[in-house]
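Here is what each chain is made of, one letter per residue.
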Amino acid sequence: MMETNPFFLGRLIAIGGNEDKENELLVLKRVIREIGKPDYKVGVIATASEDPEQRGQDYQQVFTTLGASEIKILTIKTRAQANDKTLAKTLEDVDLIFFTGGDQLRLTTILGGSKTLAVIQDRLEAGALIAGTSAGAAVFSDTMIYEGESEDGLFKGSVLTTSGFGFVKNIVFDTHFMARGRIGRLVQIVTTNPTCIGFGIGEDSGVVLKGDGTVEVIGTGQVIIVDGSDIAHSNIMDIKPGGPIAVENVRIHSLVDGYGYDFKKRRFLIPSSQPIGEDR
């Protein structure tokens, strides 16, 4: 049985967007491997996209290539559809629920508090794997970034947040992280509340969140962790909105494929195959 911990229930994979869908498919193949069985069913939630039908077709092709026995595409566009019991029930027997990219605010405003989301949460607690890319990963956390220009990230009030789906607590995900230079957004988030850990996930990369309170990085890029637990001082309370932020002692980690992080101990994890210079 999966160990209960304060971070999440079930199994989660957050992908930073723009994952390879045509060549090596390293990230998506790892998603399939995490399902743990060859005969698997997939439910794709394409709500975040402006063109959910096309996005659904894209992932229909991907998961067909990867050997899914059944693929259900949910192009939910309205609150009424999200609250349709028959539609929600289609997810009750799938092994993987996959959220596509797009706009995370579209996901929360349409699916938040709905019957479909309730079924998804039940499936997560029952052990189904949930994966999401880009906007589909940003919604995993209890606090969700939905707006904020990268270059303004270290000016007070420039990063807008709302409640996400709350699959995982005290973690904030930001995606397309290296390509769009979003480090300032996460530094502002952890400065305003050092309880949160910021996770900046690069493109064609992801994190596998495990039931023991650790994560493993997968893919070809980087994952940046922003940890504010050791912050000694900041001016965030003293400046007006729009003012530049000063903050002391934010911890930054850069992880690549195979590296990990322990949320309980806030500790960087080196792959067992790598030499370790000291007792960790």
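Thresholds applied
- Residues numbered from 1 in each chain as written.
- Predicted model: local features only at pLDDT ≥ 70, side-chain atom pairs only at ≥ 80, totals over all residues.
- Heavy atoms only, no water.
- 1 Å grid on protein atoms, 1.4 Å probe; cavity = no way out; pocket = protein on both sides within 12 Å on 5 of 7 lines; lining within 4 Å.
- Points joined across faces, edges and corners; volume = space filled by probe spheres on them.
- Helix = DSSP H or I, 4+ residues; strand = E, 2+ residues; numbered from the N terminus.
- Nonpolar A, V, L, I, M, F, W, Y, C, P; charged D, E, K, R; others polar.
- Buried < 20%, exposed > 50% of the residue type's maximum accessible area, 1.4 Å probe, protein only.
- Arc of directions from axis to C-beta.
- Contact = heavy atoms within 4.5 Å.
- Pairing = 2+ DSSP bridges.
- Axes fitted to C-alpha atoms, helices over the stretch in contact; angles between N-to-C directions.

K.L.:
I'm lost on the layout of surface pockets in this one. Help?
P.N.:
Gaps left between atoms are located by rolling a probe of water-molecule size over the structure's atoms. Its volume calculated, the largest pocket comes out at about 240 Å³. Taken together, 17 residues line the largest pocket, and the ones lying closest to its centre are Gly102, Gln104, Ser134, Arg180 and Arg182. Contributions of two or more residues to the lining of the largest pocket are made by α7 (135-138), β6 (143-147) and β8 (171-175). For the lining of the largest pocket, the leading source of residues is β8, giving 3 residues. Looking at the lining of the largest pocket residue by residue, the class counts come to 4 nonpolar, 7 polar and 6 charged. Put simply, the second largest pocket is a space of about 180 Å³.

K.L.:
I'm lost on helix α6 (residues 115-125) in this one. Help?
P.N.:
Because the α-helix completes a turn every 3.6 residues, residues three or four places apart line up on one side. Of all the positions in α6, only Thr116, Leu117, Val119, Ile120, Arg123 and Leu124 are classed as buried. All buried residues of α6 lie within an arc of 160° about the axis, which places them on one face of the element. Relative to its buried face, α6 has exposed residues pointing more than 90 degrees away, namely Asp122 and Glu125. At the exit of α6 stands Gly127, carrying a positive phi of roughly 105°.

K.L.:
Would you explain the side chain of Arg185 in this entry?
P.N.:
Inspection of the secondary structure assignment puts Arg185 in helix α8 (residues 183-192). If sequence neighbours within four positions are ignored, Arg185 has contacts with Ile145, Glu147, Gly148, Gly153, Val159 and Asp174.

K.L.:
Mind showing me how you'd approach the sheet that holds strand β5 (residues 129-133) here?
P.N.:
In a beta sheet, neighbouring strands pair by backbone hydrogen bonds and run either parallel or antiparallel. Strand order across the open sheet formed by 9 strands is β3-β2-β4-β5-β1-β10-β11-β16-β17, with mixed pairing between neighbours. With one partner strand each, in any of the chains shown, β3 (70-74) and β17 (267-269) form the two edges of the open sheet. Taken pair by pair, the neighbouring strands of this sheet meet at an average axis angle of 20°, ignoring direction. Pairing of strand β1 (residues 11-15) with strand β10 (residues 205-209), which is carried by 4 bridges, proceeds in the antiparallel orientation. Across the sheet, the residue bridging to Ile15 is Gly206, located in β10. Along the sheet, helix α1 (residues 26-35) makes contact with β1, β4 (96-99), β5, β10 and β11 (214-219), crossing β1 at roughly 175°.

All quantities given are derived from atomic positions and should not be read as evidence of function.
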